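This is what each chain is made of:
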Amino acid sequence: MTDGTLEPRALLRDIDAESKSIAVFTRRLQSYDVDASLDFIVEERLSPVDRAVLALFQAMGRATADDIRTYLGLGWEVSPSVVQALAAKSLIAPPAQDAGWYPPAGFVQQQWVYDPGLGTYRLEQVPPPIAARRLHAPDRAAWPAFVLTQAGAAALAAGVRRFVRSRSTRLWFAAEPLCFLGTSAEGAGYAAAKRGKPMEAVSVPAPLRSIDDALALSPNERAQAMGLREEDLPPAGLEGLSRCTPGASWEVREAPAMRDVCLVIAGLPDSAAGGSIAWQAFLRTRRAYRDTVTTKRAAHLETRIAELLGDWASAGTAALVSQAGLEPAPATSLDGIPVRAEGALLSKLLGRSDRPETTWAALPVVESDGWRSWIRVRALPASSQAAREALLAFLGRRRKALGHSFEAAVDATWSELVTFWGMPHLVRPDDGWVKRRLWEQTEMRGVLCAERLPRDLVTPYAAHAGGGR
Amino acid sequence: MSRAPIHAAVGAQRLEGMYFLPGRIELPAWVGGSAPVACGSSSRAAYLFTDEVARDYQIRDALLHLIRGASRKVFFCSFLFGDAQIVDALIEAAERLQGGVYVLTALGKSLQIDTGELDEEFSGMPAQRRVEQQERHLQNLDRMARAGVWLRSARDCHAKLCVVDDEVAVVTSANARRNAYEDNPENGVLVREPAVARELGRLFAHAWLHLTHDESPPGAALDLKGRGGQERRPPAFPALSGSGDLVPVGTVQGIEASIREATLDLIENARRELVIASYSAVSLRDHVVGRALRRALERGVKALVVLRPRNLHRDQVDTCGFLFAGVPDERLVVLGHDHTHAKAIVADGQRALVWTGNLDGKAGYDSGIEVGVLMKDPVSVSAARSHVIEIARRATHRSIIRPTLHEIAAVERSLAGAWTLSLPSGARPGATALAAMFEREAVFWTEIAHGKLAIRLGDAAEVIVRVDEPQRKLISERLMSPPLPERRVSGIMGRSEITLVEESAAPRTQESAPRQRRNQGGRR
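Residues numbered from 1 in each chain as written. Chains lettered and ligands numbered in written order. Predicted model: local features only at pLDDT ≥ 70, side-chain atom pairs only at ≥ 80, totals over all residues. Heavy atoms only, no water.

J.: Quick one: what's the story with the nonpolar core, residue by residue and with numbers?
T.: Counting residues in each nonpolar core, the largest one holds 128 residues, and the members touching the most others are Ile265, Ile375 and Trp421 of chain A together with Leu304 of chain B. When residues in this core are grouped by element, the largest group, nine residues, is from helix α6 (residues 194-210) of chain B. Excluding residues within four positions of it along the chain, leucine 304 of chain B makes contact with Leu27, Trp30, Val31, Leu274, Val275, Ile276, Val333, Leu335, Ile389 and Ala392 of chain B. Ranked by size, the runner-up nonpolar core spans 39 residues in total, among them Ala427, Ala435, Ile455 and Ile498 of chain B. (Core = buried A, V, L, I, M, F, W, Y, C linked by side-chain atoms within 4.5 Å. Buried < 20%, exposed > 50% of the residue type's maximum accessible area, 1.4 Å probe, protein only. Helix = DSSP H or I, 4+ residues; strand = E, 2+ residues; numbered from the N terminus. Contact = heavy atoms within 4.5 Å.)

J.: So what's going on with the confidence of the model for chain A? Which residues, and what values?
T.: Looking at chain A, the pLDDT average stands at 82 and 86% of residues meet or exceed 70. Note that residues 101-107 of chain A has pLDDT below 50 and, in this model, 20 contacts with residues that lie over four places away or in other chains. (pLDDT = per-residue confidence, 0-100.)

J.: Describe in detail the sheet that holds strand β16 (residues 302-307) of chain B, supporting the description with residues and values.
T.: Residue and element names in this part refer to chain B. If you walk across this open sheet you meet the nine strands as β2-β22-β17-β16-β14-β18-β19-β21-β13, and the pairing is mixed. Two strands bound the open sheet, and with one partner strand each, they are β2 (18-22) and β13 (246-252). If you compare each strand with its neighbour and ignore which way they point, the axes differ by 20° on average. Of the strand pairs in this sheet, strand β18 (residues 344-347) and strand β19 (residues 351-355) are connected by four bridges, and their pairing is antiparallel. When the sheet's bridge partners are listed, alanine 347 is paired in β19 with arginine 351. Along the sheet, helix α10 (residues 378-393) makes contact with β14 (273-277), β16, β17 (332-336), β18, β19 and β21 (369-375), crossing β14 at roughly 65°. (Pairing = 2+ DSSP bridges. Axes fitted to C-alpha atoms, helices over the stretch in contact; angles between N-to-C directions.)

J.: Before we move on, can you summarise the confidence of the model for chain B with the specific residues and values?
T.: Residue and element names in this part refer to chain B. Considering every residue of chain B, the mean pLDDT works out to 88; 90% of them sit at 70 or more. Note that residues 113-117 has pLDDT below 50 and, in this model, 11 contacts with residues that lie over four places away or in other chains. Predicted confidence is poor over residues 506-524, with pLDDT under 50, and the contacts of this stretch with residues over four places away or in other chains come to 14 contacts. Quick note on the complex model: pTM equals 0.74, ipTM equals 0.87.

J.: How would you summarise the interface of chain B and chain A if you had to cite specific residues and measurements?
T.: It is common to report an interface's size as the accessible area lost on association of the parts. Listed per partner, the contact involves 32 residues of chain B and 20 residues of chain A. Taken together, both faces of the contact between chain B and chain A bury some 2100 Å²; the carbon and sulfur share is 57%. Here chain B and chain A share one salt bridge between them. Put simply, glutamate 95 of chain B and arginine 445 of chain A hold a salt bridge, and the shortest N to O gap is 2.9 Å. Linking chain B with chain A are 12 residue pairs in polar contact (both at pLDDT 80 or more), by the criterion used here. Here the side of chain B that touches chain A takes eight residues from α6 of chain B, the largest share from any one element. (Buried area = accessible area lost by both parts, 1.4 Å probe. Salt bridge = Lys/Arg side-chain N within 4 Å of Asp/Glu carboxyl O. Polar contact = N/O pair within 3.5 Å; in protein donor to acceptor, adjacent residues only side chain to side chain.)

J.: Give a detailed account of the pairing of strand β27 (residues 473-480) of chain B, specifying residues and quantitative values.
T.: Residue and element names in this part refer to chain B. Bridge analysis of strand β23 (residues 414-423) against β27 gives three bridges, and the strand direction is parallel. Its bridge partner being in β27, serine 422 is matched across the sheet by isoleucine 475. In terms of strand pairing, strand β26 (residues 461-468) meets β27 through seven bridges, oriented antiparallel. Residue pairing in the sheet places aspartate 468 in a bridge with lysine 473 of β27.

J.: Could you give me a rundown of the side chain of aspartate 456 of chain A, with the residues and numbers involved?
T.: For aspartate 456 of chain A, the position within the fold is in helix α17 (residues 445-458). A polar contact is formed between the side chain of aspartate 456 of chain A and the side chain of arginine 452 of chain A, at a distance of 2.7 Å. With sequence-adjacent residues up to four places away left out, aspartate 456 of chain A is seen in contact with Tyr461 of chain A together with Arg72, Lys73, Phe75, Gly100 and Tyr102 of chain B.

J.: Give a detailed account of the packing of aromatic side chains, specifying residues and quantitative values.
T.: Enumeration according to the criterion identifies 12 aromatic pairs over all chains in this entry. When the ring of phenylalanine 25 of chain A is compared with that of tryptophan 371 of chain A, the centres are 6.2 Å apart and the planes differ by 80°; the resulting orientation is edge-to-face. Of this pair, phenylalanine 25 of chain A sits in strand β1 (residues 23-29) while tryptophan 371 of chain A sits in the loop between β17 (359-362) and β18 (372-381), placing them 346 residues apart in sequence. A single burial state applies to phenylalanine 25 of chain A and to tryptophan 371 of chain A, both of which are buried. Centroid distance phenylalanine 75 of chain B to tyrosine 102 of chain B: 5.9 Å. Interplanar angle 70°. Geometry classified as edge-to-face. Placement of phenylalanine 75 of chain B in strand β5 (residues 74-77) and of tyrosine 102 of chain B in strand β6 (residues 101-104) is noted, with a sequence separation of 27 residues between them. (Phe/Tyr/Trp six-rings, centres within 6.5 Å; stacked < 30°, edge-to-face > 60°.)

J.: Lay out the sheet that holds strand β10 (residues 187-191) of chain B in plain terms, naming residues and giving numbers.
T.: Residue and element names in this part refer to chain B. Strand order in the open sheet formed by 10 strands is β4-β3-β10-β9-β8-β5-β6-β7-β11-β12, and the pairing between neighbours is mixed. Across the chains shown, the open sheet's two edge strands, defined by having one partner strand only, are β4 (56-57) and β12 (225-226). Where strand β3 (residues 45-51) and β10 come together, five bridges link them in antiparallel fashion. Directly across from tyrosine 47, in β10, lies its bridge partner valine 189. The strands touched by helix α2 (residues 84-97) within the sheet are β5 and β6, with β5 carrying the most contacts at an inclination of about 150°.

J.: Help me get a handle on unusual backbone geometry, residues and values and all.
T.: Residues and elements named next belong to chain B. In this structure, proline 429 follows arginine 428 across a cis peptide bond, with omega equal to 0°. Assignment of secondary structure puts proline 429 in the loop between β23 and α12 (431-440). The omega angle of the peptide bond from serine 481 to proline 482 is 5°, so this bond is cis rather than trans. By the element assignment, proline 482 lies in the loop between β27 and β28 (491-502).

J.: With reference to specific residues and values, describe the pattern of salt bridges.
T.: Considering all chains together, one arrives at 56 salt bridges over all chains under this definition. With a closest N to O distance of 3.3 Å, arginine 161 of chain A and glutamate 44 of chain A form a salt bridge. Of this pair, arginine 161 of chain A sits in strand β8 (residues 160-174) while glutamate 44 of chain A is found in strand β2 (residues 31-45), placing the two residues 117 residues apart along the sequence. With a closest N to O distance of 2.9 Å, arginine 260 of chain B and glutamate 261 of chain B form a salt bridge. Using a relative accessible area of 40% as the deciding quantity, one classes glutamate 261 of chain B as partly exposed. When salt bridges with common partners are traced through the structure, they connect Arg60, Asp83, Arg178, Glu182 and Asp183 of chain B into a single cluster.

J.: Could you give me a rundown of α6 of chain B, with the residues and numbers involved?
T.: Taking 1.5 Å of rise per residue, 17 residues should cover 24 Å, and α6 of chain B covers 23 Å from first to last C-alpha, within 8% of that figure. Most of α6 of chain B is tucked away, with 13 of its 17 residues classed as buried. (Expected span 1.5 Å × (residues − 1).)

J.: Explain the packing of α17 of chain A against α6 of chain B to me, using residue names and the numbers behind them.
T.: For the pair α17 of chain A and α6 of chain B, the least separation of the axes is 9 Å and the interaxial angle reads 135°. As summarised for this structure, α17 of chain A and α6 of chain B are arranged oblique, according to the angle between their axes. Contacts from Leu453, Leu457 and Val458 of chain A of α17 of chain A reach α6 of chain B at Phe204, Ala205, Trp208 and Leu209 of chain B. Broken down by class, the residue content of the contact of α17 of chain A with α6 of chain B amounts to seven nonpolar, no polar and no charged. (Parallel < 35°, antiparallel > 145°, perpendicular 65-115°, else oblique. Nonpolar A, V, L, I, M, F, W, Y, C, P; charged D, E, K, R; others polar.)

J.: Residues and numbers for the side chain of threonine 295 of chain A, please.
T.: Tracing the sequence through the fold places threonine 295 of chain A in strand β14 (residues 292-297). In this structure, threonine 295 of chain A is in contact with Asp14, Ile15, Phe282, Leu283 and Arg284 of chain A, ignoring residues within four places of it in sequence.

J.: Explain the pairing of strand β11 (residues 212-216) of chain B to me, using residue names and the numbers behind them.
T.: Residues and elements named next belong to chain B. With respect to burial, β11 is a largely interior element, five of its five residues being buried. Both strand β7 (residues 150-154) and β11 contribute to a ladder of four bridges, which runs antiparallel. Bridge pairing in β11 places serine 153 opposite aspartate 214. Sheet topology note: the β11/β12 ladder contains two bridges and is antiparallel. Paired with glutamate 215 across the strands is lysine 225, a residue of β12.

J.: I'd like a description of the state of the cysteines, backed by residues and values.
T.: Enumeration according to the criterion identifies zero disulfides over all chains in this entry. For the unlinked cysteine cysteine 244 of chain A, the closest cysteine sulfur is that of cysteine 179 of chain A, found at 18 Å. Taking relative accessible area as the criterion, cysteine 244 of chain A reaches 9% and is therefore assigned buried. Of all cysteine sulfurs in the structure, the one in cysteine 157 of chain B sits closest to cysteine 77 of chain B, which takes part in no disulfide; the separation is 3.4 Å. Judged by relative accessible area, cysteine 77 of chain B falls into the buried class, the value being 3%. (Disulfide = S-S within 2.5 Å.)

What follows is the structure, encoded as structure tokens:
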């Protein structure tokens, strides 16, 4: 990430916080890839045959492949296979292996019913649902009998089968503070072959050493701990994440330079208390190979602002202005932190565009904590002379307008400045003074010459214009 | 095997046209006695001149006075800027007025464009001095551009003009060069009449706004930029207006030709005399001004003409021959002055035209940009007449009609003595015909490369030769008959003996060889 992208405007543009923020702190976070085997809760829709067979088991309490053939009309080839498949998925089981309900032979008067209030199944007396009739004559041979398991009853009620599937996944984390950043798909082919060795256990940052505990937390707790907010929008590939696969190990590597992340903490004026600041945290991730930058809120860090920023977290705007080496000005209703300046500093703080604007003034860099920080200031002139000098600076950026109509350009520029400053009482300097001062700037001479050209070369002879021959 | 050599004696033939030989003559009585030359000044105008002897630099003094007194704007037009005082004054004015100084000059490529007189002056200089002049000019332009002077260049702009505040103006023959203001006989008019100055300002403004093709914007280093939209037709330029004894005139690229009309008016209405100073007199044989001047001389109008003596300028030789041949000496005096650059026509001592052009039928009357002032007030007219006569008194050359070749060769760069011209076998025209041409025609030569000359035999032939100086041999490389269009002449063939030798070994005819080669290439 180049330094240019760490400028406050760039950092805040994506999150629509630029116009509201008055301070921003940012630092790069070291990020890591964690390769782990994860357990996911997977749902599989039951096929019509499975549903019919399970319903038969539910109706009969205990049944065999011959019952399936007899009542559902499936052939000799199919019925045993269906029974075998359902048994393999643990939806039915031999009677000895399940502590479930074993009704007498024949159609039953009771049924497992899902109770949403309890969140589980209960046994309920129901009238026989069907009037069954045999489609084939029963076989006299001794077929093994099966009964519906609890999992089978639940699957029949929901129409889906839930089960756990383990899958190797690469997760992208920042460790300090612990932040889930996303999943990584750079696992195949050449990229995989070029990967370095996993970090030694002692080198792995502490939060990642117990990542299995963190992942095994409930979704809400997990969101609090690492910002993995599954309930809002499950990260791609992590739908149904449950935990690390018990007994499986995980590997940690430093993320490649192509991916990087920085933590952005934006300060907004706290309306409740004058001069105090409310903080919001964001994670800005960049994947160079995709040329994508993503910025998302990191709400789980906002309870730790004091820990992250130290004294800065409680510093008011006055303290920040002082730290920036600027002179505070009385508060105004306009956005940005008001500061007083003159000369070149005032021009600089009014921005580089052709209109005055609030700008970001850097706070001193403290190398040890890695933070870079800025405050957004509204620069006000310290004197009327400073205001005039600022006018000259902005006129220098409006050469085209000056050449078109000098007076109108000066009027418009002055009007914008006093409006920006909230100082309508300031008196506009006269055109003679402005021209004299602009002429001192060699690069402005062309504009001044162009401005006077019609007066010198056109207007005096305009009376002849209609009299061509 | 060589054929017998043929000999030609060169130098005795007569040259058509008018030439100049060093020397002075007494001015005829009708010119009048020696009147003191003074700055003829009235409330509306003042005649200005450079007196290199008395070190009276009126033109520059007047320009400096005007520029330093400017309160609103300065228009200045000069092909070259070599005079530090004028440049400094323009810079100071731009600083003081915060702009408002507009200049028409030669920028970049314009320096190379053939502008007639100036190009002649330029090309006549030694190469080193020409480079120095150009460098000084560009340095001065750069200084002015940085200071806020707005520079533009217009094609064929030859005017030398300064207009200040539309109140006063100077029209002058002098470019803004030190030697023009101090060394050359130059002249001009200081216009104090605001109505006239304003008209001159209008002409300048029209040219500056609509007829320029390049510019260097003010407030930056000299930076040549083309101006877009020049293909658009410029707006109409209403004719210059003036009345009474001071009338502005001009030539504006075919849309204003009042200089031509004023010149014709002066010449055609002259009853007694014409006193004329010009750098040159060229291309007038088929021009209304030339025909009018010839008719005036034929009807008995006396004339005193001072020109720059340029024997190697074929056009001037021919034009002067057309204009002045056959006019009796008591009615016509044509003199040459090595440095004259003044431009004036004074008719009958009553009216005078001072302008920036020349007696030039190609440029200045119908095309290009020139300015002038037609004066009737006796003081200014008298001053103009006296000044031209004074230049004539200081003339360095007298004129001569139909001199012999060797008379002119004696005063110009020449090739003389015994030479052998070796020709290829079968060359056409042959040695005999060429020998006759050498004895009959005007023989001029042009140095086209180091050690290589183009020898022109009138309008009959041209021989490209390599010069073997130690052997006194001219080896023919190419022979053309008729010759190519005329080249700028470097020298003249003096009294000499040419031995023409036709070599036997040369296999090809020089004239047709290139065409043959092209044809063979085509067949392949």
